[in-house]
Amino acid sequence: MFVCEGEKDADTLHTLGYDAVSGEDGAGPGKWRKEYTEQLKGLHVCVFQDNDQVGKDYAAETCNALHGVAASVRLLDLSKVWPEIPEHGDVTDMVETLGVEAAVKQIAALVANTPEWVPTAAPIEDEKPLLMPMTDVEARQASYLINPYLPRGMLAIMGGVSGAGKTYLILSWAAAVSNGQRLPFQSWTSPAPPSGYVYYFTQENDPNTVIRPRLDLLGADLSKILIQATTGTTYEPLTLNDPRLEEAAKQYPPIMIIFDPIQSYLGAGVDMNKAERVRPVLDWLGDYAKRHNCTIVLVSHMSKPGVGNTLALDRLLGSSDFRNAARSIIVVGRDPKDKESRVFAHGKNSIGEPGESQRYHIDGKQGVVYDGVCDLSADDIVKQSEDARGRNKPAVTLTNAIKQLEELLWTDGYATM
């Protein structure tokens, strides 16, 4: 029985006449389940590893789980018979590259020449020790996709109150990235972002009536901006740490990924207010961003102001782990001098100097128009946005009650009943 990382590889092996299975949730730590081991009890099992670190670790975890339960276990390293295997390559790639006849011969040779799995042996050839000296760590300067607001290979957050213009702004940035164009507020000394694929995931904005018209207006390269596909009426929910993102990266290497908003992609059972639930998801997502050298932007709503959370960053929804994990946080709000003008301000940049606050407005014929720098802070524009919506106006009932009490107390300052 062959065990593969995904259903695609299992299907490929079925067409070649082999028995093959895969887990339903792709590769990743802890994704090999106990019931899988029980189902393979007593069988001779060969486990294919994909040619990347996640695939190798997952294959080793699978072999360890099956050792002593299956009749025999072998870990198959395709690079032994296909030295030209690309990064992230798998058995399907080998069949498509070498052809069916050659691939079948190579698989047979690999099975025959691979010894049984020994748990005490190093599971992967390039396994690194637990500890290493800092002399082995290369010092690198941080790089940006959009300088200095969106760092490469890291997480960023764009937050703001409802109606502040977050979606239009992030789509403007996505359009620029799709074309490899410098945005108007960037200095000419700043490099233009490299053109690449942008994943835009949203549950709040209809792709037909909202997203596509805006991207058209912004002049985006639509072939470079990807959304989650649907087949008929089916739609399998996506999560921030979804293993399908690894498969997607093989076909469309991402340079920017946007989740709008965060809470739509946490997955069942993940309470965004609990650090122990949120942190593992963010750690996986941060590792994904680093491995693929892409910028991941989490779009966040803000809570209403209250005791202890009057500052902009404190009002981002969810656990503080979100803002701790993000290397950059952009806050979107309104310009107090003009209700039609919006502002984005750098609330956090933990790898360099924060960028200047920038005014912009939404134009029916141009989309997003950038109007230059301003001196408003993230706290200023969030408060102003709330004031513009009337949330900070004194309540009429409270005002009347105060007036009646003042009349009752008169000049003595107290009253007896």
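Structure's up top.
Calculation notes
Residues numbered from 1 in each chain as written. Predicted model: local features only at pLDDT ≥ 70, side-chain atom pairs only at ≥ 80, totals over all residues. Heavy atoms only, no water. Helix = DSSP H or I, 4+ residues; strand = E, 2+ residues; numbered from the N terminus. Expected span 1.5 Å × (residues − 1). Buried < 20%, exposed > 50% of the residue type's maximum accessible area, 1.4 Å probe, protein only. Patch = residues over 30% accessible without salt bridge, like charges linked within 9 Å, V, L, I, M, F, W, Y side chains within 5 Å. Areas by Shrake-Rupley, 256 points an atom, 1.4 Å probe, with all protein chains shown as cover. Salt bridge = Lys/Arg side-chain N within 4 Å of Asp/Glu carboxyl O. Pairing = 2+ DSSP bridges. Axes fitted to C-alpha atoms, helices over the stretch in contact; angles between N-to-C directions. Contact = heavy atoms within 4.5 Å.

Enquirer: What should I look at first to understand helix H3 (residues 53-66) in this one?
Expert: Three or four residues apart is the spacing at which side chains of an α-helix point the same way, because the helix has 3.6 residues per turn. For H3, spanning 14 residues, the distance from its first C-alpha to its last is 20 Å, which sits close to the expected 20 Å at 1.5 Å a residue. Buried residues of H3: Gly55, Lys56, Tyr58, Ala59, Ala60, Thr62, Cys63 and Leu66, and no others. Phi for Gly68, located one or two positions after H3, is positive at around 85°.

Enquirer: Hey, could you run me through a nonpolar patch on the surface in this one?
Expert: Taken together, the side chains of Met1, Val21 and Leu43 define a hydrophobic patch exposed on the protein surface, amounting to about 190 Å² of accessible area. Inspection of the secondary structure assignment puts Met1 in the segment before strand S1 (2-4).

Enquirer: Please clarify how the sheet that holds strand S3 (residues 44-48) should be interpreted in this entry.
Expert: The strands that make up a sheet pair up through hydrogen bonds in the backbone, lying either parallel or antiparallel. Taken together, four strands build an open sheet; the order of strands is S2-S1-S3-S4 and the sheet is parallel. Edge strands, defined here as strands with exactly one partner in the open sheet, are strand S2 (20-22) and strand S4 (72-76). Between one strand axis and the next, the sheet turns through 25° on average, direction left out of account. Of the strand pairs in this sheet, S1 and S2 are connected by three bridges, and their pairing is parallel. Each residue of the ladder has a partner; that of Cys4, found in S2, is Ser22. Its contacts with the sheet place helix H5 (residues 100-113) against S1, S3 and S4, and it is angled at close to 125° to S4.

Just distances and angles here, no functional claims.
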